[in-house]
Every structure is written in C-alpha cells, then in structure tokens.
Amino acid sequence: MANFYRDNADLRRRIESASWARILPALEKDFTDPHELAPKSIEEAVEQIEMVLDMIGALAAEEVAPHAAEVDRAGARLVDGRVVYPEPLQRAFRQLADAGLMGFTLPREFGGMNLPITAYTAAVEMISRADASMMTLFSLQGCGETIHRFAPRATRDRYLPRLCTGGITPCMALTEPNAGSALGAVSTRATQAPDGTWRLTGSKCFITNGGADVLLVLARSEEGKPGGDGLSLFVVEKGKGVEVGKLEEKLGIHGSATATINLTDAPGILLGRRGEGLYKVTLSLLHNVRLEVAAQAVGIAQAAQKAAVRYASEREQFGRSIDQFAPVRAMLFDSATEIEAARAIVVTTASVVDRKRGLERAGGGEELQRYERLADLLTPLSKYYACEMVNSVTSRAIQIHGGYGYSREYAVERHFRDGRITSIYEGTSEIQVGAMIDLLLRGGLPLLFEEPLRDAPEPPSASGALGILRANYEMVVEAAESAKKADRFAHQGWARQFADAVATILSGLVFLNDAQKDERSAILAKRQAREGRRQAETLLRVVREGDRTPFDETSFGPVVEPYR
Ligand SMILES: Cc1cc2nc3c(=O)[nH]c(=O)nc-3n(C[C@H](O)[C@H](O)[C@H](O)COP(=O)(O)OP(=O)(O)OC[C@H]3O[C@@H](n4cnc5c(N)ncnc54)[C@H](O)[C@@H]3O)c2cc1C
C-alpha cells in the first residue's frame, strides 16, 4: 500500500530527530492530562505522532492523490450562491475528518489531538503532495487555533468541537480589492450597537473556502484611527448578511474555492482586544498560516521531483535514459537538495514555534522572548525559501519532461500551476523577506547562528564544511554591518540575497548534523557550504559596493522607462 510517510526517508528523519524531549513535556503538561487519549510519557507521545503521520501518509497516498487530476479538472463551483467542491475532494475531506484529523493541534477538551505544530507541518506536507487543493481545506486549522487563543469561552465552545470533527469549516477573510499586502488599508466597517454587539459591512476578495461556516474577518472598528491600529478581527457566522459573490478563475489549485464575500450588517464577535486585530491577532494567525503554506510548497515540490526522477529514468534519447546526461542530473540534484533544505528549515521553524508555545504555557520569561524572536525571524524565512523553491523545482520538473511536461498528459504541469500560488498568498515573498531583513539587521544573525555554529559537529565525511559555513556566516555578518550604513530602501532591495545566504547556512548546519549518521547528508552539507560561499561572497560585494543598480532611480528609471 502506498504511503507518503513511509516512502519519504527525509521527512521521517526530520520527525524522528525533532527535539521532542524539549517540546512534548510542556505541550502535555508533564504528562499529567487525565484524558484517556493523552500520552503518559515522551515515548508514548512520539509513538502517537508516528502513528498519526503514518495514517495520514496512507490516506494521502491512497485516498487523496489518485483523485487530484480529476479534482483539478472539475474545479470548485458556485451553485445558487453555494460553494460546491469536486466530489472526490469532498469524499477525501470526510475521510480525513472522520479519522479525527481536523483538530490536529487543538486541545483534547474540544475534541482535538493536542499534537505539536511540528507534526502538523509534516501532515500538511503529505496532504499537499497528494493534492495542493485539498491542503487549502485541511490547513485552515490555523483559524481554529486563533479562535482558541483569542475568542471568549462561549465562542470557543460554540465552534471548536465542530471544527475538530469537520462538521463546519472556517475561512480567513482579510484581503480586499485595495488591501492586499497592505492589510492596514482594510475598509470593511465594524460598528458596535449600544447593546455591545458588532455588525460588519464590506467586501472581501480572494478568500479561500469563501463559502465557510465560520469566517475570521478583519474590519475597521476604531473610527478615526487609520492604518492597522484601527482594525479588529471578528468571528462571523455564515447566514444572513454574508453572501458569496463569485469564485475566481485561476491558474492552479482549481479544487480550492477562492471567493469574493460581501458582508451587509453581518453580526460579528470580537477576537482579542479592539484595535489589536492586525498586529496581534491576525499576525498570530498569519504566522500559523505561513508555516502551513511553506509545508504545502515542500509537499508539491516532493510530488514534482518524484515524477521528474521517474520520468528521467524511463525516457530515452540518443540511445540512453535522459538521467544519464549531466545537465539533467544537475537539475535533479539541485531540486533534491533544495527540497530537503526547505524541509529542514520548515521543520526547524515548527519546532521553534512548538517550543515557544510550551514556554507560553509555562508562563514566559527570558527564554520565551528568545523563542518569540526566533519564530518571528524563521517563519518568514521558511515561507520565502520554501515557496521560491517550489517554483524552481516544479519548473525544472517540466523541463525534464520536455514537451510532455508542457502537456496536460503529465502531472508536473499541475504541480507547477499549483505551486505558483505559494509565493503569493498569505504574504508574498517580497513581504516575507521585507519583514525578515529588519529583524536580521537588529541582532537576528547571532540569535540564529552563534550557538549552532559553535556547537556543530564536524564528521570526517563532511570535513571542511563547517569551516566554510562559519566563514560564510562571517561574510553575512560583515554584509549586515555594512548594510546598516545604507537606508531602508536599500535593505529591502538586498533582502532576498540576505535571505538566500541565511537559508543556505541554516540548512547546511542541519545537513552537517545529519552527516554524523549518513554519508548522503555529508554530500548535501558540503554542497550547501559551497553554494553558500558563492551567495555570501556576492552579497558582501553588492552591499560593500553599495550596489543599488536594480532599484535606484538613476539606473532603474532609464532601463524600465521604455516599457511604460
Ligand atoms: C488563490 C488565492 C487564495 C487566497 N486566499 C486568501 C484567503 O484565504 N484570505 C485572504 O484574506 N486572502 C487570500 N488571498 C489573498 C492574498 O493573500 C493576496 O493576494 C496577497 O497577500 C497579495 O496581495 P495582492 O494580491 O493585493 O497583491 P499586492 O499587494 O498588490 O502586491 C503586488 C506585488 O507588489 C509587491 N509588493 C506589495 N507591497 C510591497 C512592499 N511593501 N514591498 C515589496 N513588494 C511589495 C508584492 O510582493 C507583489 O509582487 C488569496 C489569494 C489567492 C490568489
């Protein structure tokens, strides 16, 4: 029987080597939860995680993946104002829900499984590998987390148990025609009646699962306060005053319903405090969702690379299979490295987030602040790196399939179309690196690297790699010092190069640790060290020279002006 967990040694390794001893006791209240399904020890908890992932691996491979092409062809539809998903997607969703998987990280008291984000990330990856559209329904679980964290008790009791059974589904309604990346410009109005109840009026666009039963809506609640400080997040229930306008026709994820929603005096319940809707509540929601999308990107890339490797071994030209040609091999090698680098970064981030959640429950302190900063830095890095990676990997997979890759006959064109959205929704790549660079220049580099670079092993199979990684880090630090003398416009212009260099050092360190156990990882560690050197040298040169060619008015203007 096919199984997307068992057939993926790298994913299994990431799960097996996660820092469970630090994550699980805090999550499981030191194993004192009397609930009958609660584990009583770390070993039992890890066993539970493995069991659940194994089950998802089987469901993804056997029940979801075989129908992905049909789901893509049929697409989600709007029938009499109601969103209708393709039948195989509805069926698979029911199976996932019946298996109890829709409350993955929520507490058991609401019917959830109380599992770590690290495990959830692996689950999202496997579902996405099977069908990227299915993932957009499965991974709306971040909405439940937000309700759990910020809603009044009655609201939690009303929605969370049904979200956990999949009896109802949520959506996240933030974007508006004039408020995309700049969510501070949201104009949907929330007005409070004298009896304290809220009513929302406005239009949202591009909303995944727009026909949802429970909507998390960002709206302007503070009269006279422009920007993000005037916004609050509300829970709105499907019904009177909530109408699905239309579904978008789009490049990929056809099985996912991307809707316009019109709100007219729709009743809402405030989440968190007034005026904290964007910078506190939505940001917390987006942090969850961004990690999910990063995992989605890894899953889609895994599917495309599997297809490319198979095709390259079967397709013959010039009397031999095309995987005998050096340029084809180089593409397959680069894709494998980038997928595993992205997975390493995503899982590292997830375990930092788990650790942070554990410390929050334990009451905070200095250690919590450290993990908050790490999560703030790593989440956009994961989203950026994984989502750019999937675009490269799926594009290469098409290249390796030649003309057949461009045809509908093979799945890689679907993976390419599906993967393309990841670097756009839930915050574009530019927004991710833009957020990251500020933190990186304000002490982020030592926070990320000082300890791991000091303590990293140097297995003989990867000799020399650690020295190169350390030198790469020094170059990035020097570039950051130099960048501080420039303005913020330049920081934003150089942000991608910083992000690439940082991601390569980070993944190189993970591979180096793995290299203690296997030779294959030593190859990857050395590759990242070399690739990172090229990136760090270029970055340092660009920043030292103050090279602003692509974005400075004196060069940008003359070059781009003729296209106006
Ligand atoms: C299929 C799909 C599903 C979606 N699902 C949801 C959902 O469930 N809920 C929801 O609320 N929204 C959803 N969205 C909306 C999505 O999050 C936005 O499209 C995205 O945030 C970008 O906003 P925009 O489209 O207005 O682009 P814009 O903000 O107009 O950006 C256009 C370009 O300008 C760049 N740019 C903008 N500002 C900056 C800046 N400050 N610095 C550098 N570059 C910048 C961007 O990176 C991008 O390249 C979805 C969109 C799609 C297509």
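Residues numbered from 1 in each chain as written. Predicted model: local features only at pLDDT ≥ 70, side-chain atom pairs only at ≥ 80, totals over all residues. Heavy atoms only, no water.

### Some details on the overall build of the chain
The secondary structure content of the chain amounts to 18 helices and 11 strands. On C-alpha atoms alone, the chain measures out to a radius of gyration of 24 Å, which is about the 24 Å that the 2.2 N^0.38 rule sets for 564 residues. If one aligns the C-alpha atoms of the chain with their principal axes, the spans along those axes are about 70 × 60 × 60 Å. Burial statistics for the chain: of 564 residues in total, 57% are counted as buried. By sequence separation, contacts in the chain at least 24 residues apart represent 74% of the contacts at least 6 residues apart. (Helix = DSSP H or I, 4+ residues; strand = E, 2+ residues; numbered from the N terminus. Rg over C-alpha atoms; globule rule 2.2 N^0.38 Å. Buried < 20%, exposed > 50% of the residue type's maximum accessible area, 1.4 Å probe, protein only. Contact = heavy atoms within 4.5 Å.)

### Remarks on the pairing of strand S7 (residues 231-237)
Most of S7 sits out of view: six of its seven residues are buried. Pairing analysis gives seven bridges linking strand S6 (residues 214-220) to S7, with the strands arranged antiparallel. Its bridge partner lying in S7, Leu218 is registered against Leu233. Bridge count between S7 and strand S9 (residues 258-271): four bridges; the pairing is antiparallel. Among the inter-strand pairings, Val235 is bridged to a residue of S9, identified as Ile269. (Pairing = 2+ DSSP bridges.)

### Some details on the pattern of salt bridges
Inspection of the entire model under this criterion finds 45 salt bridges. Notably, a salt bridge pairs Lys246 with Glu248, separated by 3.7 Å at the nearest N-O pair. Judged by its relative accessible area of 45%, Lys246 falls in the partly exposed class. For Lys484, the salt bridge is made with Glu481, and the minimal N-O distance between the two is 3.0 Å. Owing to a relative accessible area of 43%, Glu481 belongs among the partly exposed residues under this scheme. Through salt bridges that share partners, Asp10, Arg13, Arg14, Glu125, Arg343, Asp514 and Asp518 make up one connected network. (Salt bridge = Lys/Arg side-chain N within 4 Å of Asp/Glu carboxyl O.)

### A few points about unusual backbone geometry
In this structure, Lys29 takes a positive phi of about 45 degrees despite not being glycine. Within the secondary structure, Lys29 is located in the loop between helix H2 (20-27) and helix H3 (42-64).

### Topic: the packing of aromatic side chains
On inspection of all chains with the given rule, the structure shows nine aromatic pairs. Here Phe449 and Tyr473 contribute two aromatic rings whose centre-to-centre distance is 5.5 Å and whose plane-to-plane angle is 65 degrees, an arrangement assigned as edge-to-face. Taken together, the residues span a long stretch of sequence, with Phe449 in helix H14 (residues 429-455) and Tyr473 in helix H15 (residues 465-483) at a distance of 24 residues. As far as the burial class goes, Phe449 and Tyr473 line up, both buried. Taken together through their ring pairs, the aromatic side chains of Phe104, Tyr120 and Phe138 make up a single cluster. Taking NZ or CZ as reference, Arg129 lies 3.6 Å from the ring centre of Phe4, over its face. Above the plane of the ring of Tyr371 lies Arg355, whose end atom (NZ or CZ) is 5.4 Å from the centre. (Phe/Tyr/Trp six-rings, centres within 6.5 Å; stacked < 30°, edge-to-face > 60°. Lys NZ or Arg CZ within 6 Å of the ring centre and 35° of its normal.)

### A few points about the site of the ligand
The immediate surroundings of the ligand are formed by 18 residues, with Thr175, Ser181, Phe206, Thr428 and Glu430 found nearest. Take Thr175: an N or O atom from its side chain is 2.6 Å from a nitrogen atom of the ligand. Within the side chain of Ser181, an N or O atom sits 2.6 Å from an oxygen atom of the ligand. With the chains in place, 65% of the 970 Å² that the ligand exposes on its own is no longer accessible. Broken down by secondary-structure element, the contributors of at least two residues to the shell around the ligand are strand S5 (198-208) and H14. Each residue belonging to the shell around the ligand can be placed in one class, and the counts come to nine nonpolar, six polar and three charged. (Near = heavy atom within 4 Å. Polar contact = N/O pair within 3.5 Å; in protein donor to acceptor, adjacent residues only side chain to side chain. Areas by Shrake-Rupley, 256 points an atom, 1.4 Å probe, with all protein chains shown as cover. Nonpolar A, V, L, I, M, F, W, Y, C, P; charged D, E, K, R; others polar.)

### A closer look at the side chain of Gln535
By the element assignment, Gln535 lies in helix H17 (residues 519-544). With relative accessibility at 16%, the residue Gln535 sits in the buried group. Not counting residues within four places of it along the chain, the set of residues in contact with Gln535 comprises Asp500, Ala501 and Thr504.

### Observations concerning the domain arrangement of the chain
As far as domains go, the chain holds domain 1 (9-164 + 280-423), domain 2 (170-275) and domain 3 (440-553). Summarising the inter-unit geometry, the C-alpha centres of domain 2 and domain 3 are found 40 Å apart. (Domains from an automatic or database assignment.)

### Focus: the packing of H3 against helix H6 (residues 117-130)
Interhelical geometry of H3 versus H6 gives an angle of 10 degrees and a closest axis separation of 9 Å. Relative to H6, the element H3 lies roughly parallel. Of the residues in H6, those touching H3 at Ile49, Leu53, Ile56, Gly57, Ala60 and Val64 are Ala119, Ala122, Ala123, Met126, Ile127 and Ala130. Its residues placed into classes, the contact of H3 with H6 shows 11 nonpolar, one polar and no charged. (Axes fitted to C-alpha atoms, helices over the stretch in contact; angles between N-to-C directions. Parallel < 35°, antiparallel > 145°, perpendicular 65-115°, else oblique.)

### Let's talk about the nonpolar core
Within the largest apolar cluster, 159 residues are counted, with the highest numbers of intra-cluster contacts made by Phe104, Phe138, Phe449 and Phe498. Excluding residues that lie within four positions of it along the chain, Phe498 makes contacts with Ile437, Leu440, Val476, Ala479, Ala480, Ala483, Leu539 and Val543. Counting residues in each nonpolar core, the second largest holds 17 residues, with Cys171, Ala190, Ala212 and Leu270 among its members. (Core = buried A, V, L, I, M, F, W, Y, C linked by side-chain atoms within 4.5 Å.)

### Structural notes on the environment of Gly239
As for its position among the elements, Gly239 is in the loop between S7 and strand S8 (242-247). On the basis of relative accessible area, Gly239 is assigned to the partly exposed category, the value being 34%. Along the chain, Gly239 and Gly184 lie 55 residues apart, while their C-alpha atoms are 27 Å from each other.

### A look at the state of the cysteines
Applying the stated criterion across every chain yields a total of zero disulfides. No disulfide involves Cys171; its sulfur sits 6.9 Å from the nearest other cysteine sulfur, which is in Cys143. Cys387 takes part in no disulfide bond, and the closest cysteine sulfur, belonging to Cys143, lies 18 Å away. A residue is classified by how much of its surface remains accessible, and Cys387, at 0% relative accessible area, is buried. (Disulfide = S-S within 2.5 Å.)

### Things to note about H3
With 23 residues, H3 extends 31 Å from end C-alpha to end C-alpha; this agrees with the ideal 33 Å at 1.5 Å per step. Restricting attention to buried positions, one finds in H3 the residues Ala45, Ile49, Val52, Leu53, Ile56, Gly57, Ala58, Leu59, Ala60, Ala61 and Val64. Here the buried face of H3 lies against helix H1 (9-16), H2, helix H4 (68-74), helix H5 (87-98), H6 and helix H7 (132-138). (Expected span 1.5 Å × (residues − 1).)

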